[in-house]
Amino acid sequence: MSGPEVDAHEAFVALEREIGLLLRRSRAISTRLARELHPDLDGAAYGLLALLQDAGPLRASDLVARLGLDKSTVSRQLSSLVELGLVDRTADPDDGRAQVLTPSAEGAARLARIRTARRARWESDMSGWPAEDVATLAVLLERLNRIGEAREAESGA
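Residues numbered from 1 in each chain as written. Predicted model: local features only at pLDDT ≥ 70, side-chain atom pairs only at ≥ 80, totals over all residues. Heavy atoms only, no water.

A. Here's a closer look at the environment of Asp-40. Positionally, Asp-40 belongs in the loop between helix H1 (8–37) and helix H2 (43–55). Through-space distance from the C-alpha of Asp-40 to that of Leu-84 is 8.9 Å; in sequence the pair is 44 residues apart. (Helix = DSSP H or I, 4+ residues; strand = E, 2+ residues; numbered from the N terminus.)

B. Up close: the pairing of strand S2 (residues 95–103). Where strand S1 (residues 87–92) and S2 come together, six bridges link them in antiparallel fashion. Paired with Arg-89 across the bridge in S2 is Leu-101. Hairpin remark: S1 followed by S2, antiparallel, with two residues in the connecting loop. (Pairing = 2+ DSSP bridges.)

C. A look at the nonpolar core. Core analysis: the biggest nonpolar cluster contains 21 residues, and Leu-41, Tyr-46, Leu-52, Leu-63 and Leu-81 have the highest contact counts within it. Secondary structure elements with two or more residues in this core: H1, H2, helix H4 (71–83) and helix H5 (105–125). Per element, the largest residue contribution to this core is seven residues, and it comes from H2. With sequence-adjacent residues up to four places away left out, Leu-52 is seen in contact with Leu-58, Leu-63, Leu-78, Val-87, Leu-101 and Pro-103. (Core = buried A, V, L, I, M, F, W, Y, C linked by side-chain atoms within 4.5 Å. Buried < 20%, exposed > 50% of the residue type's maximum accessible area, 1.4 Å probe, protein only. Contact = heavy atoms within 4.5 Å.)

D. Representation of the side chain of Ser-104 in the model. Here Ser-104 is to be found in the loop between S2 and H5. According to the relative accessible area criterion, Ser-104 is buried, its value standing at 5%. The contact partners of Ser-104, leaving out residues within four places of it in the chain, are Gly-85, Leu-86, Val-87 and Asp-88.

So, in structure tokens, the structure goes:
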């Protein structure tokens, strides 16, 4: 017993439309979250701090490569985060000439508060979803992200 037949072309049309909407909404949310970190920050700053928290310590060049942003944009955002006390710069233990970046205690605490509030919002918004559906969505998004990471690694090589 199988479900209704799915037209592959229409499935990809729907996927492109929904991901486009998700990305537009994500940019707006990132801008709002950056302002919650500090009123003087713009949207890219939230993603920088979150990546440093999740994958740091990192060099600025690592952030540029991972986020796919312009070097000047990353530099400007990092300067703001450091100036506001949300990110610390220290000497790279592997290369004393270079610097690595990590969230400061204040930056990590602010990020944790925002993430907790965001998770609570997701739980509220999706309270009618079975936990299995939420878990499936997370697995599918992870698979999609791995494809993107592999493509970025290919183009960067």
